[in-house]
Amino acid sequence: TQLLEQSPQFLSIQEGENLTVYCNSSSVFSSLQWYRQEPGEGPVLLVTVVTGGEVKKLKRLTFQFGDARKDSSLHITAAQPGDTGLYLCRGYGSSNTGKLIFGQGTTLQVKP
Amino acid sequence: DTAVSQTPKYLVTQMGNDKSIKCEQNLGHDTMYWYKQDSKKFLKIMFSYNNKELIINETVPNRFSPKSPDKAHLNLHINSLELGDSAVYFCASSTDLFTEQYFGPGTRLTVT
């Protein structure tokens, strides 16, 4: 069974601080997605990373896929209250259900 | 226009009752899903349909029965509701298993 572990599970920071969220597995994934979920809504895709070592930037968000394609990170620079939400990673694995496994999520709270 | 819609938004019912949640997508996607998100925000796949055919059926009690009358609709019927069924249920759709998933707003089910 392929599992995705996210850390930290909860993060509360002040506006303007930087933070990094991690998504780790012992299994190799062909690609990995990051979603953000706001309270009362469904998750929304932020980015998909495919190539080992790939780095993608989305404004103040930087996503990296590990060289071995077993892990990924999300770095937010100068966090803003609007970044508050639940961040979920999802990896595409080799088994059928492995494609549909989400990490446990990281709840981020950015205080003004 | 709403891409993935679910009804109802909130559902409060007593143990032992039978209830249904409806989902519709207007994105022309071939694949639809049902997820359960528990109180710890863990998002777990329940079922996946592709062109009205069941392709993924996770370890879910037989009391849960999905039905797809056409590829734009995926409904979830739950028999003999139990307290542990209380959660937020999300419907989602995508072109296929590999691509971005679009989530509905969720249905918060409370069993008393």
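Heads up: the structure comes first, above all this text.
No experiment lies behind these values; they were computed from the predicted model shown. (Residues numbered from 1 in each chain as written. Chains lettered and ligands numbered in written order. Predicted model: local features only at pLDDT ≥ 70, side-chain atom pairs only at ≥ 80, totals over all residues. Heavy atoms only, no water.)

Student: Hey, could you go over the sheet that holds strand E8 (residues 71-76) of chain A for me, with residue numbers and the actual values?
Tutor: All names here are of chain A. Read from one edge of the open sheet, five strands run E1-E3-E8-E7-E6, paired in antiparallel fashion. A strand with exactly one partner marks an edge of an open sheet, and here the two such strands are strand E1 (5-7) and strand E6 (55-58). Shown here is a sheet whose adjacent strand axes are inclined to one another by a mean of 15 degrees, direction ignored. Looking at chain direction, strand E3 (residues 19-24) and E8 are connected through six bridges and run antiparallel. Within E8, the residue paired with Thr20 across the bridge is His75. (Pairing = 2+ DSSP bridges. Helix = DSSP H or I, 4+ residues; strand = E, 2+ residues; numbered from the N terminus. Axes fitted to C-alpha atoms, helices over the stretch in contact; angles between N-to-C directions.)

Student: Describe the pattern of salt bridges, and please don't skip the residues or the numbers.
Tutor: What the rule picks out here adds up to six salt bridges over all chains. Among the ionic pairs, Glu54 of chain A bridges to Lys56 of chain A, the shortest N-O distance being 3.8 Å. Here Lys71 of chain B makes a salt bridge to Asp30 of chain B, at a shortest N to O gap of 2.7 Å. With Lys71 of chain B in the loop between strand E7 (64-70) and strand E8 (73-78) and Asp30 of chain B in the loop between strand E3 (19-25) and strand E4 (31-37), the pair connects residues that are 41 residues apart, well separated along the chain. (Salt bridge = Lys/Arg side-chain N within 4 Å of Asp/Glu carboxyl O.)

Student: For the sheet that holds strand E1 (residues 4-7) of chain B, give the residues involved together with the corresponding values.
Tutor: Residues and elements named next belong to chain B. With antiparallel pairing, the four strands of this open sheet are ordered in space as E1-E3-E8-E7. Only two strands of the sheet have a single neighbouring strand rather than two, namely E1 and E7. Averaged over all adjacent pairs, the angle separating strand axes in this sheet is 20 degrees, with direction ignored. Taken together, the five bridges between E7 and E8 define a ladder with antiparallel strand orientation. Looking at E8, one finds that Ser65 is bridged to His77.

Student: Give a description of the interface of chain B and chain A that names residues and reports values.
Tutor: At the interface, 22 residues of chain B touch 19 residues of chain A. At the surface where chain B touches chain A, the tally comes to zero salt bridges. Broken down by secondary-structure element, the contributors of at least two residues to the side of chain B that touches chain A are E4, strand E5 (43-50) and strand E6 (53-57) of chain B. Of the residues contributing to the side of chain B that touches chain A, the split by class is 12 nonpolar, five polar and five charged. (Contact = heavy atoms within 4.5 Å. Nonpolar A, V, L, I, M, F, W, Y, C, P; charged D, E, K, R; others polar.)

Student: Can you lay out the packing of aromatic side chains for me, pointing to particular residues and giving the numbers?
Tutor: Considering all chains together, one arrives at eight aromatic pairs over all chains under this definition. Ring geometry for Phe102 of chain A against Phe103 of chain B: centres 6.2 Å apart, planes inclined by 65 degrees, an arrangement best described as edge-to-face. Residue Phe102 of chain A is found in strand E10 (residues 101-102), and its partner Phe103 of chain B is found in strand E10 (residues 102-103); the two belong to separate chains. Accessibility expressed as a relative area gives 1% for Phe102 of chain A, which makes it buried. (Phe/Tyr/Trp six-rings, centres within 6.5 Å; stacked < 30°, edge-to-face > 60°. Buried < 20%, exposed > 50% of the residue type's maximum accessible area, 1.4 Å probe, protein only.)

Student: Describe the nonpolar core, and please don't skip the residues or the numbers.
Tutor: Counting 21 residues, the largest nonpolar core has Leu19, Leu32, Trp34, Leu74, Ile76 and Leu108 of chain A as its most contacted members. Broken down by secondary-structure element, the contributors of at least two residues to this core are strand E2 (10-14), E3, strand E4 (31-37), strand E5 (44-49), strand E7 (61-65), E8, strand E9 (85-92) and strand E11 (106-111) of chain A. Excluding residues within four positions of it along the chain, Leu74 of chain A makes contact with Leu19, Thr20, Val21, Trp34, Leu61, Thr62, Phe63 and Tyr87 of chain A. One finds Trp34, Met46, Tyr89 and Val111 of chain B within the second-largest nonpolar core, a separate group that totals 20 residues. (Core = buried A, V, L, I, M, F, W, Y, C linked by side-chain atoms within 4.5 Å.)

Student: I'd like a description of unusual backbone geometry, backed by residues and values.
Tutor: The omega torsion of the bond from Ser7 of chain A to Pro8 of chain A falls at -10 degrees, within 30 degrees of zero and hence cis. With respect to the helices, strands and loops of the structure, Pro8 of chain A is situated in the loop between E1 and E2. At the junction of Thr7 of chain B and Pro8 of chain B, the peptide bond is cis and its omega measures out at -5 degrees in the coordinates. Mapped onto the elements, Pro8 of chain B comes out in the loop between E1 and strand E2 (10-13). For Arg69 of chain A, which is not glycine, the phi torsion reads 60 degrees and is therefore positive. For Arg69 of chain A, the position within the fold is in the loop between E7 and E8.

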